[in-house]
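Remarks on the overall topology
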Amino acid sequence: MKKLSTLFFMLSALLMLPQTVIGQEVVEFDFLNNNLNLAIGSGNAENMNDGNLGGKYIGSNGVVLSFVNSSTMPTRYYFNAGKNQLQLIKGGQVRFTATEGKAITKIEITPVAATNNKWDVDNGVGTLSEDKLTWEGNVTTVRFTATGALYLTKILVTIADKNEATVTPDYTEEFVEASSLAEFSAVENGKLVKLNLNNAVITSGMVNGWGYYVQDATAGAHFYCTGLDFEVNDALSGFVFVRKDFNQPGPRIAMSEFTNALALNVTHGASYTPVEGSLAELVTAANINRVIKLTGVAVKGSAETEATITSGDQTLALSNGKTNYAPYVYQEDLTNVDYAKATVTGILWSNTAGTTFKLYPLSVTNESGTGITEVESGKVKVENCYNLQGVRLNQLQRGINIVNGRKVVIK
């Protein structure tokens, strides 16, 4: 396997900071009081992604902090439980780097609670205290990885002049190469991967902006917390260094220290053609993680987020996208859905054994005209409004409107 060195990716960050620090100094990163004026995220969907630090650098007085997201949640600056805090989940990383001529000799953290100090230093560099609140060493750069939920309110970094004992740790890492999303799916979880993409189309995004689902001619996968900024219907060609992880629906394209879009060509306004056919034809191992399209099927809801697709004696579970952690866009309440004839497109998922299948919907369109009750427009709260062609409307229009699954006539 080939190797990639982190050091090449640190040079541009070092150039951004002043080079005038003299002697020893303690640099404070006060997340509780936000002394760096960072954007702050919260638990609300509309600004949950604001504090995402993955792939970003923050610097102060000769020290650079750079961040890597975990494969399950971003590394983020976050308002939670009444206070601002830096949050890393298991696998998330933070790297400390001193500017030219300087060395990092001590790092002290203040966790939100006594049990929130879950991190380890990579490569055995320096000495981490038993309670993991203090690290000491003499390095130009050092990286920490969260071993669990890590919530911090303050970090103090002591820097001093570089000397003959100062070391620069080797963070070189081996990687494998995948020429398609199908090959990527077969890579062992946790591996660093050079992922080559050829006209891979973003077919959907996430509610909280943390990721995208991407599809090429071979399979699909989920960009999750990578820090890369795409739009639905972007086509990607080129390569990107990522880490492989697995979660539903489909394998996750996770972030590494090497992840950026510099070698990707992005074309806007592309489209992906779903695989079409009957339930019996499409619900197979060959279509796992691919976008499929079913026509003339019955859809009946059983809960806000769950429904069943039926065609003849074939059935398929439908799991709605009303969650912050899923890469699908269909957000309607499925509880009272009862369509005798519908068109459904979505991502086909299966468990690792290939014995259970589920569809994560991108769109559900009623074509039957059944399951809709005519009501007076003046007595309907307008939340989800469509015309008879299934096009979503911003407001009621003259004629027949479908509002909250019911027919509303405006004269």
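Note that the structure is a prediction, hence the values are computed from the model and not measured.

**So, the nonpolar core**
Core analysis: the largest hydrophobic core is formed by 33 residues, its most contacted members being Leu-65, Phe-96, Ile-107, Trp-135, Val-142, Phe-144 and Ile-155. For this core, the element with the highest residue contribution is strand β13 (residues 150–161), accounting for 5 residues. Beyond its immediate sequence surroundings of up to four residues, Phe-96 is in contact with Val-64, Leu-65, Ile-104, Ile-107, Trp-119, Thr-140, Thr-141, Val-142, Phe-144, Ile-155 and Val-157. Ranked by size, the runner-up nonpolar core spans 21 residues in total, among them Ala-178, Val-187, Leu-195 and Leu-236.

**Considerations on the pattern of salt bridges**
Considering all chains together, one arrives at 9 salt bridges under this definition. We note a salt bridge from Glu-257 to Arg-143, for which the minimum N-O separation is 2.7 Å. Taken as a pair, Glu-257 in the loop between β19 (251–254) and β20 (264–267) and Arg-143 in strand β12 (residues 141–146) lie far apart in primary sequence, 114 residues in all. An identical accessibility class is assigned to Glu-257 and Arg-143; each is buried. The network of salt bridges with shared partners includes Arg-95, Asp-122, Arg-143 and Glu-257.

**What to know about the side chain of Gln-93**
Within the fold, Gln-93 resides in strand β7 (residues 93–98). Judged by its relative accessible area of 11%, Gln-93 is buried. Setting aside anything within four residues of it in sequence, one finds Gln-93 in contact with Ser-66, Phe-67, Val-68, Thr-75, Leu-88, Asp-122, Arg-143, Phe-144, Thr-145 and Glu-257.

**Remarks on the side chain of Thr-259**
With respect to the helices and strands, Thr-259 occurs in the loop between β19 and β20. Only 2.6 Å separates the side chain of Thr-259 from the backbone oxygen of Phe-241, close enough to count as a polar contact. In this structure the side chain of Thr-259 is engaged in a polar contact, spanning 2.9 Å, whose partner is the backbone nitrogen of Ser-256. If we ignore the near neighbours within four places in the chain, the residues touching Thr-259 are Thr-226, Leu-228, Val-240, Phe-241, Val-242 and Ala-254.

**Quick look at the pairing of strand β11 (residues 134–139)**
Two elements, strand β8 (residues 102–111) and β11, share 4 bridges in a ladder whose sense is antiparallel. When the sheet's bridge partners are listed, Glu-108 is paired in β11 with Thr-134. Sheet analysis places strand β10 (residues 127–128) next to β11, joined by 2 bridges and oriented antiparallel. Bridge assignment links Thr-127 to a residue of β11, and that residue is Glu-136. As consecutive antiparallel partners, β10 and β11 are separated by 5 residues, and within that stretch Lys-132 has a phi angle of approximately 60 degrees, a positive value.

**A look at the sheet that holds strand β4 (residues 63–68)**
Note: strands within a sheet are paired through backbone hydrogen bonds, in either parallel or antiparallel orientation. If you walk across this open sheet you meet the 5 strands as β3-β4-β7-β12-β9, and the pairing is antiparallel. Two strands close off the open sheet at either side, each with one partner strand: β3 (57–60) and β9 (119–121). The sheet shows a mean angle of 20 degrees between the axes of neighbouring strands, taken without regard to direction. In terms of strand pairing, β4 meets β7 through 6 bridges, oriented antiparallel. Directly across from Val-63, in β7, lies its bridge partner Ala-98.

**Quick word on the environment of Lys-244**
Relative to the elements of secondary structure, Lys-244 occurs in strand β18 (residues 235–246). Apart from the residues within four sequence positions on either side, Lys-244 is in contact with Phe-184, Ser-185, Val-187, Glu-188, Asn-189, Gly-190, Lys-191, Val-193, Pro-251 and Arg-252. Within the local environment of Lys-244, its side chain forms a polar contact with the backbone oxygen of Ser-185, the two atoms lying 3.0 Å apart. Within the local environment of Lys-244, its side chain forms a polar contact with the side chain of Asn-189, the two groups lying 3.3 Å apart.

**Structural notes on unusual backbone geometry**
Note: most residues except glycine have negative phi, and most peptide bonds are trans. Positive phi outside glycine occurs at Lys-132, with the angle close to 60 degrees. Inspection of the secondary structure puts Lys-132 in the loop between β10 and β11. Residue Lys-132 is classed as partly exposed on the basis of its relative accessible area of 23%. With a phi angle near 55 degrees, Cys-225 is a residue other than glycine that sits in the positive phi range. Note that Cys-225 resides in the loop between β17 (220–224) and β18.

Criteria and thresholds
- Residues numbered from 1 in each chain as written.
- Predicted model: local features only at pLDDT ≥ 70, side-chain atom pairs only at ≥ 80, totals over all residues.
- Heavy atoms only, no water.
- Core = buried A, V, L, I, M, F, W, Y, C linked by side-chain atoms within 4.5 Å.
- Buried < 20%, exposed > 50% of the residue type's maximum accessible area, 1.4 Å probe, protein only.
- Helix = DSSP H or I, 4+ residues; strand = E, 2+ residues; numbered from the N terminus.
- Contact = heavy atoms within 4.5 Å.
- Salt bridge = Lys/Arg side-chain N within 4 Å of Asp/Glu carboxyl O.
- Polar contact = N/O pair within 3.5 Å; in protein donor to acceptor, adjacent residues only side chain to side chain.
- Pairing = 2+ DSSP bridges.
- Axes fitted to C-alpha atoms, helices over the stretch in contact; angles between N-to-C directions.

Keep in mind these values describe shape, not function.
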